[in-house]
Amino acid sequence: MDHSQDTINVETSTTSSFTPPSTRSSKGPPTSTTPGTSAQARSHLLNTAYNSNSDDNDNTIYYNSNRRPAPAPVSITDFRLFDGENSPQNIAVYGFGLGALFGASVILATMVGTSIPQFWLFLASLGVFHSLEYIAIALFNPTKLKLDSFLLNHSPEYSAATAAGITEFLIELYFFPQLKTWGLLNKIGLVIVIIGQAARTLAMFSAKSNFSHHVEFYKEEHHVLVTDGIYSILRHPSYFGFYYWAMGSQLMMMNPVCIVGFAGVLHYFFSERIQYEEQCLIRFFGQAYRDYQAKTHTGLPLIK
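Conventions adopted
Residues numbered from 1 in each chain as written. Predicted model: local features only at pLDDT ≥ 70, side-chain atom pairs only at ≥ 80, totals over all residues. Heavy atoms only, no water. Helix = DSSP H or I, 4+ residues; strand = E, 2+ residues; numbered from the N terminus. Contact = heavy atoms within 4.5 Å. Areas by Shrake-Rupley, 256 points an atom, 1.4 Å probe, with all protein chains shown as cover. UniProt positions renumbered as here; feature names shortened; annotations may be inferred. Axes fitted to C-alpha atoms, helices over the stretch in contact; angles between N-to-C directions. Parallel < 35°, antiparallel > 145°, perpendicular 65-115°, else oblique. Left-handed = near helix turned anticlockwise from the far one by under 90°. Nonpolar A, V, L, I, M, F, W, Y, C, P; charged D, E, K, R; others polar. Phe/Tyr/Trp six-rings, centres within 6.5 Å; stacked < 30°, edge-to-face > 60°. Buried < 20%, exposed > 50% of the residue type's maximum accessible area, 1.4 Å probe, protein only. Lys NZ or Arg CZ within 6 Å of the ring centre and 35° of its normal. Polar contact = N/O pair within 3.5 Å; in protein donor to acceptor, adjacent residues only side chain to side chain. Patch = residues over 30% accessible without salt bridge, like charges linked within 9 Å, V, L, I, M, F, W, Y side chains within 5 Å. Salt bridge = Lys/Arg side-chain N within 4 Å of Asp/Glu carboxyl O.

Enquirer: Explain the overall build of the protein residue by residue, including any values.
Expert: A count of helices and strands for the protein gives eight helices and zero strands. Helices and strands in the protein line up, N terminus first, as α-α-α-α-α-α-α-α. Considering only contacts within the protein whose residues lie at least 6 apart along the sequence, 68% involve residues at least 24 apart. As displayed, the protein has an accessible area near 18000 Å², and 62% of this comes from carbon and sulfur atoms.

This is the structure:
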């Protein structure tokens, strides 16, 4: 096949040929043809795509009927990181970071001679917790999926609590190293962390699209009252899971100040949130939720 695009020859019933005009006044298909051009040739000429890559100083017009539109140029701004958008590059960076945190922490926690495995296990539990939060929303509630679904910046209070736990551990490790030796209480704390994480994950995977990181003010069509699985035992298993995950992490690190502080803050937060959320659920489901409420409990201390 001849790849030259200088001219297009069209066979007509009169065996005549035509040559595109040699001049043009503006970019675009020509509006007239040379005298004597057949109707078939004129139609072909008007329906042929114009190659805009020609030099503006060159009077030659190029035609390519098979030419496809060029893809839109990609700007470097399309690849910005940490801009809060749920973009592939941000998801990849967050996921890679959490995976690296988990992997490195497990290695450090299990290394021979490690004196503070509880600290590395705490960091590993953070990697698991935040990864599963995003995965659950991505699987079951994708319309509400955001980069914030990782819960890395859940709230200033959550960030402050995490920083407080790490800070207390390091300060006490320096001044009271004997308090940070690995023992029975640390192991109990680790077990509680695992139980808490398992309960929260089961809750998210049981509730599916009914699970959300925010209290729903309005009942949507897909909302149903989930009462089976772990919900047949606990009324708010995700809250139960987070409460004991957080408390277990501080017991595992033997942080006495944070154990007391977390207990007070979490009790205040969940008592307020559960009370408000159950008002919404009663409005959504009426007597059905009241009956379910009477048969189950929260599993949280001092919160019915």
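Enquirer: Help me get a handle on the UniProt feature "transmembrane region" (unreviewed entry) in the protein, residues and values and all.
Expert: UniProt records the feature "transmembrane region" (unreviewed entry) at residues 91-112, 119-138, 188-207 and 242-269, using the numbering of this structure. Regarding residues 91-112, the helix share stands at 91% and the strand share at 0%, and the terminal C-alpha atoms are separated by 34 Å. The span residues 188-207 carries 100% helix and 0% strand; its end-to-end C-alpha distance comes to 29 Å.

Enquirer: Give a detailed account of the packing of helix H2 (residues 88-110) against helix H3 (residues 117-140), specifying residues and quantitative values.
Expert: Packed helices, taken two at a time, are described by the angle their axes make and the gap between the axes. Between H2 and H3, whose axes approach to 8 Å, the crossing angle comes to 150°. Here H3 runs roughly antiparallel to H2, going by the angle between their axes. For the pair H2 and H3, the sense of crossing is left-handed. For the pair formed by H2 and H3, the contact residues are Ile91, Leu98, Leu101, Phe102, Ser105, Val106, Leu108 and Ala109 on the first element and Pro117, Trp120, Leu121, Leu123, Ala124, Leu126, Gly127, Val128, His130, Ser131 and Tyr134 on the second. Here the contact of H2 with H3 is built from residues that sort into 15 nonpolar, four polar and no charged.

Enquirer: Help me get a handle on the packing of aromatic side chains, residues and values and all.
Expert: Taken as a whole, this structure holds 18 aromatic pairs when the rule is applied. Ring plane angle 50° and centroid distance 4.8 Å describe the contact between Phe240 and Tyr244, whose orientation is recorded as tilted. Placement of the pair is Phe240 and Tyr244 together in helix H6 (residues 237-252), with a separation of four residues, close to one helical turn. A residue is classified by how much of its surface remains accessible, and Phe240, at 17% relative accessible area, is buried. Lys208 extends its terminal NZ or CZ atom over the ring of Phe140, reaching a point 5.6 Å from the ring centre.

Enquirer: Talk me through unusual backbone geometry; I want residue IDs and the actual numbers.
Expert: For Leu151, which is not glycine, the phi dihedral falls at a positive 60°. Inspection of the secondary structure puts Leu151 in the loop between H3 and helix H4 (156-175). Look at Leu151 and you get buried, because its relative accessible area is 8%. Phi at Lys208 takes a positive value of approximately 55°, unusual for a residue other than glycine. Note on placement: Lys208 falls in the loop between helix H5 (184-207) and H6.

Enquirer: Got a sec to walk through the side chain of Thr162? Specific residues and values, please.
Expert: Within the element layout of this structure, Thr162 appears in helix H4. With relative accessibility at 18%, the residue Thr162 sits in the buried group. Apart from the residues within four sequence positions on either side, Thr162 is in contact with Phe122 and Leu126.

Enquirer: Could you give an account of the side chain of Arg200, with specific residues and numbers?
Expert: As for its placement among the helices and strands, Arg200 is situated in helix H5. A distance of 2.7 Å separates the side chain of Arg200 from the side chain of Glu133, its partner in a polar contact. In contact with Arg200, other than residues within four places in its own chain, are Phe129, Glu133, Leu151, Phe211, His213, Pro237, Ser238, Tyr239, Gly241 and Phe242.

Enquirer: With reference to specific residues and values, describe a nonpolar patch on the surface.
Expert: Together, Ile171, Tyr174, Phe175, Phe176 and Leu179 give the surface a local cluster of nonpolar side chains, amounting to about 560 Å² of exposed area. Overall, Ile171 belongs to the partly exposed group, its relative accessible area being 45%.

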